[in-house]
Amino acid sequence: MNIIKKEQMAFVDFDIFCRQPMIGVVSCRTGGVSENSFSSLNMKYLPGESDCCVQENRHRFLSLFDIPLESVVACEQVHGSRVVCVTKEDCGKGAMTGDTAIPNCDGLCTNVFDVPLVMFFADCTPLLFYDPVVKAVGIAHGGWRGTVRNIASVMVESFKKHFGSRAEDIRVGIGPTIGFDDFEVGRDVLDAFSNLFTIEEMHELVKKNKMGKYFFHLPKANRFLLERSGIKFSNMEDCHISTYSRTDLFYSYRKEKGKTGRHMAVMMLC
């Protein structure tokens, strides 16, 4: 994992995607035109934010990779587990306004070249998928609700169904997300995860501090689910960046009490 700085902007890239005919990155929050709580490279159309600012931010960042803003495909992101396979005909959905994004969807995948998939985050876990054998890419929105619904496995199954992928060939980048020390949860969240993980796994995923508060390891939970789905440990790369701790670089919904923007993950075959 590296943080690359370019033209007043910055982004995370992944070693497992290096020298492959694809783009797989997550933007940082610097170098844009948004102001106040959205400062400065906010990538999502949100209440109180100017659509023009978001369009300019997206244009600036995507231009680093020669991607036209009008070509991207975005989805609504509802903390579910629905994955949609897209094609050239979907280019432009959610690009210029949030109203045209693919509805009721938290995962996008494609095997078509020059179809840029984008998704937006501010503490939830970006899961970036790439199969170098069949040439396919995908992004999943791994918030805690999506993780409980096992969206990681849903994406792996989508790769198998639509592209003929083998799980052992798929590579996954785990982007910036809220860290273990920062993600305090209640009993309702723990109970939901207890139905998904073994007792032994929960011992690794949960810790209790001296004040009796519980904390959950969201990126490791997704790693467990990916391994359970057949993804090799050597084919996973966790960037190990907590959005909550690094609000100089990324947006954090929890730390900034909901008054914040979103960074953007991009996946594209090229």
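See the structure printed just above.
Here the structure is a predicted model, which is why all the values come from computation and not from measurement.

### Points about the pattern of salt bridges
- Per the counting criterion, the structure on display carries twelve salt bridges.
- Close ionic contact of D169 with R166 constitutes a salt bridge, the shortest N to O distance being 2.9 Å.
- Taking relative accessible area as the criterion, D169 reaches 14% and is therefore assigned buried.
- The partly exposed category is assigned to R166, whose relative accessible area is 47%.
- Where D248 meets R246, a salt bridge forms, and the shortest distance between an N and an O atom there is 2.7 Å.
- Taking the relative accessible area as the measure of exposure, D248 reaches 44% and is therefore partly exposed.

### Some thoughts on the environment of S229
- Inspection of the secondary structure assignment puts S229 in the loop between α6 (218-228) and β13 (236-238).
- By relative accessible area, S229 is classed as buried at 11%.
- Between the C-alpha atom of S229 and that of M155, which follows or precedes it by 74 residues, the distance is 9.6 Å.
- Each residue touching S229, except ones within four places of it in the same chain, is listed here: S153, V156, K160 and A167.
- At 2.4 Å, the side chain of S229 forms a polar contact with the side chain of S153.

### Overview of unusual backbone geometry
- Put simply, S39 and S40 share a cis peptide bond, and its omega is -5°.
- In this fold, S40 is placed in the loop between β3 (22-27) and α1 (51-63).
- In the Ramachandran plot, K257 falls in the positive-phi region, its phi being about 55° despite a non-glycine side chain.
- Its location among the elements puts K257 in the loop between β13 and β14 (263-269).
- With a relative accessible area of 73%, K257 lands in the exposed category.

### Regarding the side chain of R29
- Mapped onto the fold, R29 is located in the loop between β3 and α1.
- Exposure remark for R29: the relative accessible area of 9% places this residue in the buried category.
- Side-chain polar atoms of R29 contact the backbone oxygen of T247, separated by 3.0 Å.
- A polar side-chain atom of R29 sits 3.2 Å from the main-chain carbonyl oxygen of F250.
- Apart from residues lying up to four places away in sequence, R29 is in contact with S37, S39, S40, L41, T247, D248, L249, F250, Y251, E256 and T260.

### A closer look at the pairing of β3
- Counting buried residues along β3, six of its six residues qualify, which places the element largely inside the surrounding structure.
- Of the two faces of β3, the one carrying M22, G24 and V26 and the one carrying I23, V25 and S27 are both buried.
- Across three bridges, strand β2 (residues 9-13) lies against β3 in antiparallel orientation. For F11, the partnering residue across the bridge sits in β3 and is S27.

### Describing the sheet that holds strand β8 (residues 136-142)
- Read from one edge to the other, the open sheet built from six strands follows the order β4-β5-β8-β7-β9-β13, with strand pairing classed as mixed. Looking at the sheet topology across the chains shown, the edges are occupied by β4 (83-85) and β13. Adjacent strand axes in the sheet meet at a mean angle of 15° when their direction is disregarded.
- As paired strands, strand β7 (residues 125-131) and β8 are joined by seven bridges and run antiparallel to one another. Looking across to β8, one finds that L128 is bridged to I139.

Rules of the game
- Residues numbered from 1 in each chain as written.
- Predicted model: local features only at pLDDT ≥ 70, side-chain atom pairs only at ≥ 80, totals over all residues.
- Heavy atoms only, no water.
- Salt bridge = Lys/Arg side-chain N within 4 Å of Asp/Glu carboxyl O.
- Buried < 20%, exposed > 50% of the residue type's maximum accessible area, 1.4 Å probe, protein only.
- Helix = DSSP H or I, 4+ residues; strand = E, 2+ residues; numbered from the N terminus.
- Contact = heavy atoms within 4.5 Å.
- Polar contact = N/O pair within 3.5 Å; in protein donor to acceptor, adjacent residues only side chain to side chain.
- Pairing = 2+ DSSP bridges.
- Axes fitted to C-alpha atoms, helices over the stretch in contact; angles between N-to-C directions.

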